[in-house]
Every structure is written in C-alpha cells, then in structure tokens.
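Here's the letter readout for the chains.
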Amino acid sequence: MKMFSYIAKKLEELRSSCSCLFTWFHLRGNRFLFELYFLFISSLGFLILHSLDGRTTSLTPRNLDLFFTSVSAATVSSMSTVEMEVFSNTQLIIMTIMMFIGGEVFTSMVAHYIRTFYIYVSLEDRNKFDDRDTQCSFSDKIELKDINILEFGNSKSSNFYSDIDLKLKSIKFLGTVVLFYLLFVHLLGVVSVLIYLNVVTSAKNILKHKGLHSLTFSIFSIVSTFANCGFVPTNENMLVFRTNSGLLLILIVQVLLGNTLYPPALRFSIWAIGKFVKKSETRYLLKNSKGIEYDHLLSYLHSFLLLVTVLVFIMVQFLLFSSLEWSSESLSGMNVYQKLVGILFQTVNTRHTGESIVDLSTISSAVLVLFVLMMYLPPCTSFLPISEESSEQGSKRVRKIMENLIFSQQIYLVIFVILVCITERKQMVDDPLNFNVLNIVVEVVR
C-alpha cells in the first residue's frame, strides 16, 4: 500500500513539474517553438518530397531547390526556383498539406488550443494551491500569479465562479468556431472549383493538357489561396486561366476570407452561430473580444474599420490599374467582363497571395509601386485605429483621431512617386535610361 502511495506521489510531482515546465515555455518560448515548428515541417516536407519521384526524370530538382520550395510551402511564401509542373501528383499533395498546416488561420488555431489547454492546467494547479497550499518545485521562478490569463482573484462568490466558467467555455468554443470556419471555407471552395471545372470545358482542357488531376488542382489551389501562399500547380501561375472569370471569382473569395477579411468574417461567423446555438458563449465572445486574447477576434468597430480599409485599398488599386492598363498588351484578348474580373483578381492578390493573371514585368511603373506598397502593409492595417478605452474623451480623443488620419512620411513619398510615374509614363517608355523607377525614387526622396 505504501508502494502505491509512493508511486502516486511521484507521478503527481512529475505532472506538477511538467505543468510548470509548460508554463515556462508558454511565457518564454512560444515564439521559439513556432520557429522550430516551421523548421520541422520544412525539413520533413523536404525529406518526403525528395523520397518521391517527380513527374519526369529529366527535370529532377536539385536538393537545394527542393528544400527551398519546401520552406516556401511551409511558410506560405510562394517562392520557387523550379517550375511547378515538375512535381508529381503525390508531391503536390504533400505540398498541399504543408501549406495547410503552415497557414495563418491554422497556426493561430493551434496556438489558441495550446493556450486553452494551458489555461485549464493553470486553473487546476491554482485550485490545488488554494486547497492544499502546495507548490511545484520551481514555481517561485515562474510566478503563476503574474501569468494574467484569467483574473482569478480571491473572491469565492458564485458570480465570480460563474464568470470564470463562462469565460472558459467561450474560449473553448472559439477554438471550435475557428476549426469549423477553416474546414467549411475549404470544403466550399474545393466543391466550387470542382463544379466549375466540370461545367467549363476550357478550364478542364487546360488541366488535361498539362496532365493535372481536377481534384488535386482544386484542393491545391484552394489551400494555397486561402493560406495566401500563391502556389499554383501550373508553370504560368493563373495566367492560363485569365479568361476563366468564374474560377477567378471563387479564388477571390478564398483570398479575402483567409487573409485581410478573416477577422470580420470570424466575428460574423460567431454572430451567425449565436443565433442558433451557444448563445451565452457567443455573446461573451462578441462583447469581450479583447479579453479573449485571440489576435484575429476584433471588436465590432475594429472589424468594421478593417473591412472598409480593405475595400478602399482594393478600389484604389482597381481604379489605377484599370486607367493605366485597360488597353495594354497584358489584358489583350479579353472582353470587358473578363477584364473587370481579371483586374479585381489581380488587385485583391497584392495583399498578400501573389497569384497573377498578367506578367508583372509588362505593367506600368506606377501600378508596380502601388502594388509594392500594398504588399508592405500588414493584413491588420485599418483606417482610424482609434482607442476604444472610455478614458480617452473630448479633445484627447479628437487629437488621437487626427493623428491617425495623417499619413506617415513614407506614405507621402510613395504617393508622389506614383504621381510622377503616372505623369512621366511616356518618358519612361521612350527614355528608360533617365526615366525609371529608381531615378524617380531618388529624386523624390532627395
């Protein structure tokens, strides 16, 4: 009997030590762990891709090129030193898995589940500390009281425990919503692309000519677009599908839902689900988005401003691209509807997918400069990022709004570079030696 008690005591000490070690990693090492995560899946992906045969033996990629492509797929960077059509169907599936588990929505969901588990472990340990007044061997170094995950407090009232229970349920429910969102958007996209390929023979013939399976192409393209990777299993990217407007519209939705419009779409999903189930949890999530500490769950005001910002950026790019490139060679052979959808697809993809229906080297310098600016801006960029704290009122709040309305010096430089490129576009074609983007940038900055 003493032996069993001794073993149980040692197991409890081991569990408590593991809990404290997990706490240390949560406080100090989660960024390092994510770096190890991407290094691991990149290396594992390279080993699997290297062990599989390509489509042809005459165009076998070098190991360095294969590893570079693996890293690009895992980190959704969409950079490759080899043509995509050298990869076999099995290799494309492996790359699809890497892009899926490397995407922002998936990694944020995994981080949220880890944090949820950590909260439950911390709460269990805190209850044990309160009940038995015991601590783990090196808890003094970690200081659980400073974790600030849940405001446990010292209250023993029923309302306090009710609030804690609701917050725990809401945090757990948020992970379920994100998982449902991730799977539903992917499934809807894959089914839509498959239907389109079966209905529109021109798109299906392109895949048949290139030897690509419709199902593999659909899954690969949707996963890559949603994760904002930009890989397409064709050498020409989306250039060969530039007249397939239906396919471009499907991918436009995936680009937005997986990147810039993910926070507004997530908040809308929580609101819509709350109309039918988990009403208390959804209300808590919508009212306490900041306290949940999930970066993509924004307040109503922030989500609305983000939505407006994304639409304004798309409109500005769309108008500039249309005015300068409507009659250019890059859009030749397309009717009005195809041009409108193609330009919309091109402008949406600048943040930050990278899929393209035109040769970027042929478009005007003003458009390129604007595209570079759009690629530089993070997905969370929004107009009027005003503070929502009630303490900021009156003149202080107005002053903060005016500060956010004023562009930075770098933005003004970009605007003037674009204006010069537009006014001097004829000279840039006739005299590229003296009139080029580099010279214009130097003159504007100077």
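Note that the coordinates shown come from a computational prediction; the quantities given were computed from them, not determined experimentally.

1. Focus on the overall build of the protein chain
Alright, step 1. Helices and strands together make up the secondary structure of the protein chain, namely 19 helices and 0 strands.
Alright, step 2. With 446 residues in all, the protein chain has 43% of them scored as buried.
Alright, step 3. Considering only contacts in the protein chain between residues 6 or more positions apart, those separated by 24 or more positions represent 75%.

2. Details of empty space enclosed by the protein
Alright, step 1. Per the stated rule, a full pass over the model turns up 2 cavities of 30 Å³ or more.
Alright, step 2. Volume-wise, the largest cavity comes out at about 60 Å³.
Alright, step 3. Surrounding the largest cavity, V255, L256, T260, V310, F313, I314, Q317, T347, V348, T350 and R351 form its lining.
Alright, step 4. Residue assignment for the lining of the largest cavity shows that the elements contributing at least two residues are α9 (245-258), α13 (300-325) and α14 (336-348).
Alright, step 5. Considering only residue class, the lining of the largest cavity consists of 6 nonpolar, 4 polar and 1 charged.
Alright, step 6. Estimates place the volume of the second largest cavity at around 40 Å³.
Alright, step 7. Broken down by secondary-structure element, the contributors of at least two residues to the lining of the second largest cavity are α4 (104-132), α6 (158-199) and α8 (214-226).
Alright, step 8. Taken together, the residues of the lining of the second largest cavity sort by class into 7 nonpolar, 2 polar and 1 charged.

3. Here we look at α13
Alright, step 1. With 26 residues, α13 extends 37 Å between its outermost C-alpha atoms, agreeing within 8% with the 38 Å of an ideal straight helix rising 1.5 Å per residue.
Alright, step 2. Among the residues of α13, S303, L305, L306, T309, V310, F313, I314, Q317, L320, F321, S322 and E325 are the ones counted as buried.

4. Some points on the pattern of salt bridges
Alright, step 1. Applying the stated criterion across every chain yields a total of 5 salt bridges.
Alright, step 2. In this structure, E85 and K210 form a salt bridge, with 2.7 Å as the shortest nitrogen-oxygen distance. Of this pair, E85 sits in the loop between α2 (63-74) and α3 (89-102) while K210 is found in helix α7 (residues 201-210), placing the two residues 125 residues apart along the sequence. In this pair, the class of E85 matches that of K210, namely buried.
Alright, step 3. Each member of the salt-bridge network shares a partner with another, and the members are E85, K210 and E236.

5. Details of the side chain of S330
Alright, step 1. Checked against the element boundaries, S330 lands in the loop between α13 and α14.
Alright, step 2. With a relative accessible area of 9%, S330 lands in the buried category.
Alright, step 3. Among the polar contacts listed, one links the side chain of S330 to the side chain of S328, at a separation of 2.8 Å.
Alright, step 4. Ignoring anything within four residues of it in the chain, the contact list for S330 reads R242, E325, V358, T362 and I363.

6. Observations concerning unusual backbone geometry
Alright, step 1. Its identity as a non-glycine residue notwithstanding, V76 has a phi of 45 degrees, on the positive side.
Alright, step 2. Checked against the element boundaries, V76 lands in the loop between α2 and α3.
Alright, step 3. Classification of V76 as buried rests on a relative accessible area of 19%.
Alright, step 4. With a phi angle near 65 degrees, E293 is a residue other than glycine that sits in the positive phi range.
Alright, step 5. You can see E293 is positioned in the loop between α12 (289-292) and α13.

7. A short note on the confidence of the model for the protein chain
Alright, step 1. Summarising the model, the protein chain shows a mean pLDDT of 79, and 72% of its residues fall at 70 or more.
Alright, step 2. At the low end of the mean pLDDT range in the protein chain sits helix α5 (residues 139-142), at 40; at the high end sits α8, at 95.
Alright, step 3. This stretch, residues 131-157, has a pLDDT under 50; its non-local contacts, to residues over four places away or in other chains, come to 45 contacts.

8. Details of the side chain of S245
Alright, step 1. Topologically, S245 is positioned in helix α9.
Alright, step 2. If near-sequence neighbours (up to four positions away) are discounted, S245 is found in contact with Y196, Y337, Q338 and V341.

9. Overview of a nonpolar patch on the surface
Alright, step 1. On the surface, Y300, L301, F304, V308 and F383 cluster together into a nonpolar patch covering about 450 Å² of accessible area.
Alright, step 2. Its place among the elements puts Y300 in helix α13.

10. Re the environment of V178
Alright, step 1. Looking at where V178 falls in the secondary structure, it is placed in helix α6.
Alright, step 2. V178 sits 88 residues away from L266 along the chain, and the two C-alpha atoms are 7.4 Å apart.
Alright, step 3. Once residues within four sequence positions are removed from consideration, V178 is found in contact with V105, M109, Y262, L266 and Y294.

11. Digging into the nonpolar core
Alright, step 1. Formed by 69 residues in total, the largest nonpolar core has its most connected members in F87, F217, F231, M238, F241, L247 and F321.
Alright, step 2. F241 has contacts with A203, I206, L207, F217, T234, L247 and L248, leaving out every residue within four places of it along the chain.
Alright, step 3. Residues L168, L174, V178 and F226 belong to the second largest nonpolar core, which totals 26 residues.

12. A short note on the packing of α13 against α14
Alright, step 1. Direction vectors running N to C along α13 and α14 enclose 130 degrees, while the axes themselves pass 9 Å from each other. Viewed along their axes, α13 and α14 adopt a mutual orientation that is oblique. Crossing hand, α13 versus α14: right-handed. Counted together, I314, Q317, F318, F321 and S322 of α13 and L340, I343, L344, Q346, T347 and V348 of α14 form the full contact between these two elements.
Alright, step 2. When its residues are assigned to classes, the contact of α13 with α14 shows 7 nonpolar, 4 polar and no charged.

What counts, and where the lines are drawn
Residues numbered from 1 in each chain as written. Predicted model: local features only at pLDDT ≥ 70, side-chain atom pairs only at ≥ 80, totals over all residues. Heavy atoms only, no water. Helix = DSSP H or I, 4+ residues; strand = E, 2+ residues; numbered from the N terminus. Buried < 20%, exposed > 50% of the residue type's maximum accessible area, 1.4 Å probe, protein only. Contact = heavy atoms within 4.5 Å. 1 Å grid on protein atoms, 1.4 Å probe; cavity = no way out; pocket = protein on both sides within 12 Å on 5 of 7 lines; lining within 4 Å. Points joined across faces, edges and corners; volume = space filled by probe spheres on them. Nonpolar A, V, L, I, M, F, W, Y, C, P; charged D, E, K, R; others polar. Expected span 1.5 Å × (residues − 1). Salt bridge = Lys/Arg side-chain N within 4 Å of Asp/Glu carboxyl O. Polar contact = N/O pair within 3.5 Å; in protein donor to acceptor, adjacent residues only side chain to side chain. pLDDT = per-residue confidence, 0-100. Patch = residues over 30% accessible without salt bridge, like charges linked within 9 Å, V, L, I, M, F, W, Y side chains within 5 Å. Areas by Shrake-Rupley, 256 points an atom, 1.4 Å probe, with all protein chains shown as cover. Core = buried A, V, L, I, M, F, W, Y, C linked by side-chain atoms within 4.5 Å. Axes fitted to C-alpha atoms, helices over the stretch in contact; angles between N-to-C directions. Parallel < 35°, antiparallel > 145°, perpendicular 65-115°, else oblique. Left-handed = near helix turned anticlockwise from the far one by under 90°.

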